[in-house]
Amino acid sequence: MSLTTPIYLDYSATTPVDPRVAEKMIPYLTKIFGNPASRSHSFGWAAEKAVEEAREEVARLVNADSREIVWTSGATESNNLAIKGAAHFYSGTKGKHIITVATEHKAVIDPVRELEREGFEATFLNPEPNGLIDIEKFKAAIRPDTVLASVMFVNNEIGVIQDIEAIGNICRENNIIFHVDAAQATGKVEIDLEKLPVDLMSFSAHKTYGPKGIGALYVRRKPRIRIEAQMHGGGHERGMRSGTLPTHQIVGMGEAFRIAREEMKQENERILRLRNRLLQGLVSIDEVYVNGDIEKRVPHNLNISFNFVEGESLIMAVKDIAVSSGSACTSASLEPSYVLRALGRSDELAHSSIRFSIGRFTTEEEIDYTVSLMKNKIGKLRELSPLWEMHLDGVDLSKVEWAAH
Amino acid sequence: MAYSDKVIDHYENPRNVGSLDKSDPNVGTGMVGAPACGDVMKLQIKVNDSGIIEDAKFKTYGCGSAIASSSLVTEWLKGKTLDQAAEIKNSAIAEELALPPVKIHCSVLAEDAIKAAVADLKAKQPMNKETV
C-alpha cells in the first residue's frame, strides 16, 4: 500500500464522512426531499419517517428514548441551548450560580461567560495536572444557588475522560441540572443514559464520521428537564428548537451513530494498538511530555509536548502530517493552549505540544511514518535551538534571566 | 501562515547554524528573547585582526520567520565591519524576507541580536570602544 501525504491525524477536529453514511444521505437530497414538517402529502411523510428512524439510531447509541433527542446544527448549538436554556429556565427557582471546568470547549465556556454578563455567577474549576476533576473540589464549589453544572465527557485537546457518573450523582444530590458535552465521546466511550445521572447531553455528527452541520441535544424526560428555546419560529422539535429539519444531514447522523454502535468495540481495540505504537515511538525521543492522564483517556488521542522546540516551527516542520498544535501563534496572538495552561504546563511546553488524533482510516504504516518523521524533525529543530544547547550544557533554563520583549 | 519563498528557504535550509567559542576574544555573542515569548536568538560573530566579521553563527528557538531572520543576518554580517553590522536595520530584514505584519517582531529581534553581539565583542576589545 502506498502512503500519501499529508497524513490525516486530526480526527478530533473532524472526521471524514464514512462512505456508507454518504451513500445513505444522497437520496434525501434529490429524491426524498420533502419537508418532514409537511403533514399533507407523502413527500413529507417519507422525510419524517427517515428523521424518526435516525432519531432512534442516535438514541440507541446512548441508550436513551428517541423522544429525548432534539436535533440541532451541531454541538456548539447544543451546548448553547442546554446551558442558556436550562440556566434561564431554572434560575428563578434555584439561583444564578453555574459550575464548569476551565478546560471545557469554547462552546461551553463562552455561553457561560455570556450568562455572567447577564448576571449569573460562574465557577471555572481547574482540573488536576492530569486533566481530571478532583471530585472533592467539585463538591466544594457547590453553593445553595448553584443551578447548573457543565462538564465535558471527553476533552477535545487531551482526550481525558471525566467521571461523569460520580459528578452526576453529586449534582442529583444537590438538585443541580447537569449538562455534559459529549461531542468527543460518541463512538469512543460507552454512554448509557439510563444509568448515567445526566440531564442534558450534547452530540455532534462530524466527530463520529457523520456530516458537519448536524448535532443533537439529549433532554431527559424522567425526571423531565425543561429548557428555554434559543431559536424561535415554527415550533419544531417540540418547541425547543425551531427550524426546518435538514433531512439528509439527520439521516447521515443516524447512520453514523448506527455504525458507531455496531463497530465501536473492535474499532477502539484497533485504534488503541495504533495509539500505543505511536506513543512508544515518540517517548523514545528525549524530553517529551504526555499531556493528560494516559489511562483515563480515549485511545484516539495522544497529546505530547516536545521540550526546547517552538510550536510554530514544529508545525512547519511536520507539514506532511495534519495535526493540531497547542500553540496559537500562527494567528496574530501568541496565546498557548488554555487547556494545557490549566493543567499547569509552562508556556513553552504548551506552545510545543502536538495533538495526534487517530481514527477509523488510520493505518499502521501511517503511524510508523509519523514516528520517523517526528524523530527526524525534532532532532533538526533541536540542532537549531539555543535552549536545547543550554540544556545539554546543564543550564537550568528557569534560572536564566531572560530579556523579555 | 503564508510565508514567502525566502522564509521557507531559510527555514528549510538555514545558513550558518552552530556555535563559536564564547571565550575567544575575537568572538561576540548576543542572546536575545525569552522562551515564554516564543523566541530566543543566539547570534555569534567572529572578527579578524582588521576588524572585519569573518564568521557568523546562530541558533534560534522560534517560529519560521525568527529562524529565517537570524539565518539571513548571518549571511549579511560576513565581510562587514562592526560599525556596518550595527547599521543593519530590522526594516531591511523584514523587507528582504517579506515578513507579514504579525512577524515584524522577528526582524526586530534579529536586529537586537546583532547589536548585542557587537556590544559583547566591543566590551571584550576595549580599543574598539570609541567607535560605539
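Residues numbered from 1 in each chain as written. Chains lettered and ligands numbered in written order. Predicted model: local features only at pLDDT ≥ 70, side-chain atom pairs only at ≥ 80, totals over all residues. Heavy atoms only, no water.

A. How the structure looks around the pairing of strand E10 (residues 301-306) of chain A. All names here are of chain A. In terms of burial, E10 is a largely internal element, six of the six residues being buried. Burial along E10 is two-sided: Asn301, Asn303 and Ser305 facing one way and Leu302, Ile304 and Phe306 facing the other are all buried. The pairing of strand E9 (residues 288-290) with E10 spans three bridges and is classified as antiparallel. Paired with Tyr289 across the two strands is Ser305, which belongs to E10. The pairing of E10 with strand E13 (residues 353-357) spans five bridges and is antiparallel. Within E13, the position partnered with Asn301 by the bridge is Ser357. (Buried < 20%, exposed > 50% of the residue type's maximum accessible area, 1.4 Å probe, protein only. Helix = DSSP H or I, 4+ residues; strand = E, 2+ residues; numbered from the N terminus. Pairing = 2+ DSSP bridges.)

B. Region of the structure containing the sheet that holds strand E5 (residues 146-150) of chain A. Residue and element names in this part refer to chain A. One open sheet accounts for seven strands, arranged E2-E8-E7-E6-E5-E3-E4; its pairing is mixed. In this open sheet, the two strands that pair with only one neighbour each are strand E2 (69-72) and strand E4 (121-125). Strand-to-strand, the axes of this sheet are offset by a mean angle of 20°, without reference to chain direction. Sheet analysis places E5 next to strand E6 (residues 177-181), joined by three bridges and oriented parallel. Counterpart to Leu148 in the pairing with E6 is Ile177. Across the sheet, helix H7 (residues 164-173) touches E5 and E6, and the angle it forms with E6 is around 160°. (Axes fitted to C-alpha atoms, helices over the stretch in contact; angles between N-to-C directions. Contact = heavy atoms within 4.5 Å.)

C. Main features of the pairing of strand E2 (residues 39-47) of chain B. Residue and element names in this part refer to chain B. Where burial is concerned, most of E2 is hidden: eight out of the nine residues are buried. With eight bridges joining them, strand E1 (residues 27-34) and E2 adopt antiparallel strand pairing. The residue bridging Val32 from the neighbouring strand is Met41, located in E2. Hairpin connection, E1 to E2: the antiparallel pair is bridged by four residues, and Gly38 has positive phi, about 95°. Between E2 and strand E3 (residues 53-61), which follow one another and run antiparallel, lie five residues, and Gly51 among them has a positive phi close to 80°.

D. Looking closely at the interface of chain A and chain B. Taken residue by residue, the interface counts 26 residues in chain A and 29 residues in chain B. Of the roughly 2,400 Å² buried between chain A and chain B on both sides combined, carbon and sulfur atoms contribute 66%. The interface formed by chain A and chain B contains four salt bridges. In this structure, B:Lys42 engages A:Glu389 in a salt bridge whose closest nitrogen and oxygen atoms are separated by 2.6 Å. Where chain A meets chain B, there are 12 residue pairs in polar contact (both at pLDDT 80 or more). Put simply, the parts of the chain that give the side of chain A that touches chain B at least two residues each are helix H9 (311-317), helix H11 (347-351), helix H12 (364-383) and helix H13 (386-392) of chain A. In terms of residue class, the side of chain A that touches chain B is built from 15 nonpolar, four polar and seven charged. (Buried area = accessible area lost by both parts, 1.4 Å probe. Salt bridge = Lys/Arg side-chain N within 4 Å of Asp/Glu carboxyl O. Polar contact = N/O pair within 3.5 Å; in protein donor to acceptor, adjacent residues only side chain to side chain. Nonpolar A, V, L, I, M, F, W, Y, C, P; charged D, E, K, R; others polar.)

E. Structural context of the packing of helix H3 (residues 42-61) of chain A against helix H8 (residues 247-283) of chain A. All names here are of chain A. Relative orientation of the contacting elements H3 and H8 amounts to 30°, with a least axis distance of 8 Å. Pair H3 / H8 crosses with left-handed handedness. Only Thr247, Ile250, Val251, Met253, Gly254, Phe257, Arg258, Ala260 and Arg261 of H8 make contact with H3, whose side of the interface consists of Ala47, Ala50, Val51, Ala54, Glu57, Val58, Arg60 and Leu61. (Left-handed = near helix turned anticlockwise from the far one by under 90°.)

F. Region of interest: the environment of A:Gly281. Residue and element names in this part refer to chain A. Its place among the elements puts Gly281 in helix H8. We classify Gly281 as buried; its relative accessible area is 11%. Sequence spacing of Gly281 and Asp368 is 87 residues, and the spatial spacing of their C-alpha atoms is 8.1 Å. Excluding residues that lie within four positions of it along the chain, Gly281 makes contacts with Val371 and Lys375.

G. Up close: the nonpolar core. With 62 residues, the main nonpolar core has A:Leu282, A:Phe306, A:Phe356, A:Met374, B:Ile45 and B:Leu77 as its most contacted residues. Not counting the four nearest positions on each side in its chain, A:Phe306 is found in contact with A:Leu282, A:Ile285, A:Glu287, A:Val288, A:Leu314, A:Ser352, A:Ile354, A:Phe356, A:Met374, A:Ile378 and A:Arg382. Counting 50 residues, the second largest nonpolar core, distinct from the first, contains A:Leu125, A:Ala141, A:Ala149 and A:Val154. (Core = buried A, V, L, I, M, F, W, Y, C linked by side-chain atoms within 4.5 Å.)

H. Molecular detail of the state of the cysteines. Enumeration over the complete set of coordinates arrives at zero disulfides over all chains. The closest cysteine sulfur to the non-disulfide-bonded B:Cys37 is located on B:Cys106, 12 Å from its own sulfur. (Disulfide = S-S within 2.5 Å.)

I. Examining helix H1 (residues 5-12) of chain B more closely. Among all positions in H1(B), only B:Val7, B:His10 and B:Tyr11 are buried. Down the axis of H1(B), the smallest arc covering the buried residues is 100°, so these residues share one side. Tucked inside the fold, the buried residues of H1(B) contact H9 and H12 of chain A together with helix H2 (64-77) and helix H4 (90-97) of chain B. (Arc of directions from axis to C-beta.)

J. Looking closely at the side chain of A:Asn79. Residue and element names in this part refer to chain A. As for its placement among the helices and strands, Asn79 is situated in helix H4 (residues 75-90). Judged by its relative accessible area of 1%, Asn79 is buried. Apart from the residues lying within four places of it in its own chain, the contact partners of Asn79 are Lys84, Ala107, Val108, His179, Asp181 and Ser202.

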